[in-house]
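Listed here are the chains, written in short residue letters.
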Amino acid sequence: MGEQTMLGLLRLKVEKGVNLAIRDIIRSSSDPYIIFRVGKQEVKTHVQRGTTNPEWDERLTLSVEDPNDPLKLEVWDKDTLSRDDRMGHAEIDLRPLIDAGEQDMSNEQDGFVINTVVASRENDFADESKIYWSGGKVTQDIVILSEVSNVDFCPQSGFKT
């Protein structure tokens, strides 16, 4: 079996969650965190204590070796005396982002839209997601909502990565 070569780095900016489900009934809140996986790699956010509206504002990095490996994420509620409660999950196809990164953008201006991925049940997006050229890098903003991503949130809720 050969050695995998790195295609690139996936830099995540995890912003916030909105109206997440209450998992700690006594305190009427949750202690959410998110685990991200690509292939065998895993990174996670810090736990946001006592909130259903966490603001992570964290940057995480994963390397991408196989273009067919999706970005998987799981939202959890941290518990002290028992097992953590899984709140939900989502899976994001990285192929459109990788394909955009393989294009020559040397003559393009900041903000140039390379591709637009339409929201669907297959990609777990809440809204269309633009892949664009910004600051010398290919960038994609993604918003995921509960009813698309199997994440247990209250109505009109979600999180942005």
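Residues numbered from 1 in each chain as written. Predicted model: local features only at pLDDT ≥ 70, side-chain atom pairs only at ≥ 80, totals over all residues. Heavy atoms only, no water.

Caption draft 1: Looking closely at the overall build of the protein. A tally of regular secondary structure across the protein gives 2 helices and 11 strands. The helix and strand sequence of the protein, counted from the amino end, reads β-β-β-β-β-β-α-β-β-β-β-α-β. The long-range share in the protein, meaning contacts at least 24 apart out of those at least 6 apart in sequence, stands at 54%. (Helix = DSSP H or I, 4+ residues; strand = E, 2+ residues; numbered from the N terminus. Contact = heavy atoms within 4.5 Å.)

Caption draft 2: Expanded view of the sheet that holds strand β7 (residues 113-117). One open sheet accounts for 3 strands, arranged β7-β8-β9; its pairing is antiparallel. The sheet is open, and its two borders are formed by β7 and β9 (137-140), each paired with just one other strand. Neighbour-to-neighbour, the strand axes of the sheet open up by a mean angle of 20°, direction not taken into account. (Pairing = 2+ DSSP bridges. Axes fitted to C-alpha atoms, helices over the stretch in contact; angles between N-to-C directions.)

Caption draft 3: Broad picture of the pairing of strand β3 (residues 41-44). Sheet topology places strand β2 (residues 32-38) next to β3; 4 bridges connect them, and they run antiparallel. Each residue of the ladder has a partner; that of Ile35, found in β3, is Lys44. In sequence, β2 turns back onto β3 through a hairpin of 2 residues, with Gly39 there showing a positive phi of about 60°.

Caption draft 4: Quick look at the pattern of salt bridges. Scanning the model with the defined rule gives 10 salt bridges in all. Note that Arg37 and Glu42 form a salt bridge whose closest N and O atoms lie 2.9 Å from each other. The class for Glu42 is partly exposed, based on a relative accessible area of 43%. As a salt-bridge pair, Arg95 and Asp99 come within 2.6 Å of each other at their nearest N and O atoms. Residue Arg95 and its partner Asp99 are both found in helix α1 (residues 95-101); the two are separated by 4 residues, about one turn of the helix. We classify Asp99 as partly exposed; its relative accessible area is 34%. A single salt-bridge network, built from bridges that share partners, covers Arg37, Glu42, Glu74 and Arg86. (Salt bridge = Lys/Arg side-chain N within 4 Å of Asp/Glu carboxyl O. Buried < 20%, exposed > 50% of the residue type's maximum accessible area, 1.4 Å probe, protein only.)

Caption draft 5: Spatial organisation of the nonpolar core. By size, the foremost hydrophobic cluster in this structure holds 31 residues, and its most contacted members are Leu10, Leu12, Phe36, Leu71 and Leu73. Looking at this core, the elements with two or more residues in it are β1 (8-20), β2, β4 (55-64), β5 (71-77), β6 (85-92), α1, β7 and β8 (129-134). (Core = buried A, V, L, I, M, F, W, Y, C linked by side-chain atoms within 4.5 Å.)

Caption draft 6: Seen up close, the sheet that holds β6. An order of β3-β2-β5-β6 is seen for the 4 strands of this open sheet, with the pairing classed as antiparallel. Of all strands in the sheet, those with a lone pairing partner are β3 and β6, marking the two edges. Across the sheet, the mean angle from the axis of one strand to that of its neighbour is 20°, orientation sign disregarded. Alignment of β5 against β6, held across 7 bridges, turns out to be antiparallel.

Caption draft 7: Fine view of the side chain of Asp24. Relative to the elements of secondary structure, Asp24 occurs in the loop between β1 and β2. Residue classification places Asp24 among the buried positions, given a relative accessible area of 13%. Here Asp24 is in contact with Ser29, Ser30, Asp31, Asp77 and Asp79, once residues within four sequence places are set aside.

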